Each structure stands twice: as C-alpha cells, then as structure tokens.
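# Overview (structure and organization)
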Amino acid sequence: MVSSWRVQQAAREVRAGAVIAYPTEAVWGLGCDPWDAEAVYRLLAIKARPVEKGLILIADNIRQFDFLFEDFPELWIDRMASTWPGPNTWLVPHQGLLPDWITGGRDTVALRVSDHPLVRELCALTGPLVSTSANPTGRPAARSRLRIEQYFHDQLDLVLGGSLGGRRNPSVIRDLVTAEVVRAG
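Computed from a predicted structure; not experimentally measured.

## Comments concerning the pattern of salt bridges
The full count for this structure, using the stated rule, is four salt bridges. The residue Arg120 makes a salt bridge to Asp60 at a minimum N-O spacing of 3.4 Å. With Arg120 in helix α5 (residues 117-126) and Asp60 in the loop between β3 (56-59) and α3 (74-81), the pair connects residues that are 60 residues apart, well separated along the chain. Arg120 sits in the partly exposed class, given a relative accessible area of 25%. For the salt bridge of Asp115 with Arg167, the shortest nitrogen-to-oxygen distance reads 3.1 Å.

## A short note on the nonpolar core
Counting residues in hydrophobic clusters, the biggest one holds 36 residues, and the most contacted among them are Val92, Leu111, Ile148 and Leu156. Contributions of two or more residues to this core are made by β2 (28-31), α2 (37-47), β3, α3, β4 (88-93), β5 (108-113) and α6 (145-152). Ranked by residue count, the leading element in this core is α2, at five residues. The residues contacting Val92, other than those within four sequence positions of it, are Phe69, Phe72, Met80, Asp107, Thr108, Val109, Leu111 and Leu176.

## Side note on the environment of Leu158
Tracing the chain through its elements places Leu158 in strand β7 (residues 158-159). Look at Leu158 and you get buried, because its relative accessible area is 11%. Here Leu158 is in contact with Gln9, Ala10, Glu13, Val19, Ile20 and Ala21, once residues within four sequence places are set aside.

## Focus on the UniProt feature "domain: YrdC-like" (unreviewed entry) in the chain
The UniProt entry lists residues 4-185 under the feature "domain: YrdC-like" (unreviewed entry), expressed in the numbering used here. Strand forms 21% of residues 4-185 and helix 29%; the C-alpha atoms that close the span are 30 Å apart.

## Let's talk about the packing of aromatic side chains
Given two aromatic rings, one states the distance between the centres and the angle between the planes to describe the pair. Enumeration according to the criterion identifies seven aromatic pairs in this entry. Joined through ring pairs, the aromatic side chains of Phe65, Phe69, Phe72, Trp76 and Trp84 make up one cluster. In this arrangement the basic side chain of Arg147 is found over the ring face of Tyr151, its NZ or CZ atom lying 5.6 Å from the centre.

## Here's the deal with the sheet that holds β3
Pairing within the open sheet is mixed, and its nine strands lie in the order β7-β1-β2-β6-β3-β5-β4-β8-β9. If you trace the sheet from one side to the other, it starts and ends with β7 and β9 (181-183), each paired once. Relative to β9, strand β8 (residues 172-175) is paired through two bridges, and the arrangement is antiparallel. Of the residues in β9, the one forming a bridge with Ile173 is Arg183.

How each quantity is defined
- Residues numbered from 1 in each chain as written.
- Predicted model: local features only at pLDDT ≥ 70, side-chain atom pairs only at ≥ 80, totals over all residues.
- Heavy atoms only, no water.
- Salt bridge = Lys/Arg side-chain N within 4 Å of Asp/Glu carboxyl O.
- Helix = DSSP H or I, 4+ residues; strand = E, 2+ residues; numbered from the N terminus.
- Buried < 20%, exposed > 50% of the residue type's maximum accessible area, 1.4 Å probe, protein only.
- Core = buried A, V, L, I, M, F, W, Y, C linked by side-chain atoms within 4.5 Å.
- Contact = heavy atoms within 4.5 Å.
- UniProt positions renumbered as here; feature names shortened; annotations may be inferred.
- Phe/Tyr/Trp six-rings, centres within 6.5 Å; stacked < 30°, edge-to-face > 60°.
- Lys NZ or Arg CZ within 6 Å of the ring centre and 35° of its normal.
- Pairing = 2+ DSSP bridges.

In structure tokens:
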C-alpha cells in the first residue's frame, strides 16, 4: 500500500508525540501513540476522560496485536479473526503487557482492527493507535470536521481529513473469553 503524503505526515506527527483526530467507520476519533504516556495523558485531558475508563487500541491487521496473543487458545484467535477487519471490539486479557494508561488498571484491553481505509493506512505506518471518540466526555461524538474544531479548537496537533465510513453506530464490544456482548453496536 502506498501511503498518501497526508497520512505519512500524520504518522510522523504521531511518532513525535502528537494527539490527532481522524475519521473512523462511524464517528471521528482521537488518537495517539499508545506507548507515549505523555501523549495519552494529554489526549485524556483534552477529552476530560478519566484514565480508569481505559482506551481502545486500533490496528491495520490482527498481526499488529500478536505481542498480546502468544499464549492465547486458537479459539480466541479465530473468534477475533472472524470479525476483523470490521466494527467489532474485543476485550482481551493483556497479561500485564500494556500500561495502566491504556488499560485503566483493568485485566483486559479493548482491541479493534478497523476496516476504514484511512485508519488502516495510518496504522500500517504507526502500528496500533489509541482510538477514542472525538468528543469531550458527556458530549455527542463528532461526526464532522466542523464539530472537531468546535470541540477542540487548537488543542489537537493535527486533523487528518477524510470521510467517515458508512456506519451510524460505534463498534460492538465483546468479551473475548466469554464472547458475551458488553456493548451493542
């Protein structure tokens, strides 16, 4: 895949510690490098989101999460792989391999392989990204670039322009171990 110059710029910004906005399947998202604590805490402050809620990690493909799956039963891998890429987020045991600023101190982490072309292109360059809806806590998720500007003014380092996917609702969230739906999509 040949990346566009704007996605390459966004990837450089993310690697340098930026907090960015980008379109996803249903709503605009905010993201940053999950391994950069300063960027994650800045994103949480911009959103007014408590760290204890945890964050979703998105990726271009399931292999970007392989570091978490080493000891997983084949059933779990198959369960995730059968729903990705797509609007399915799985709560996955992280086995202490991720920091609390991502997991919120929980034993699981929320993972999704996006089917949005721009998100996939970006994650192909950066690896997994933090992904959370672009809205201050308690407000509706942004569905337009104008709403991003209204919510966040000059707080973001970059807004990666593009179109939302065709979905109206956020992804369904399921528990990987039990396969139970935690949040309907």
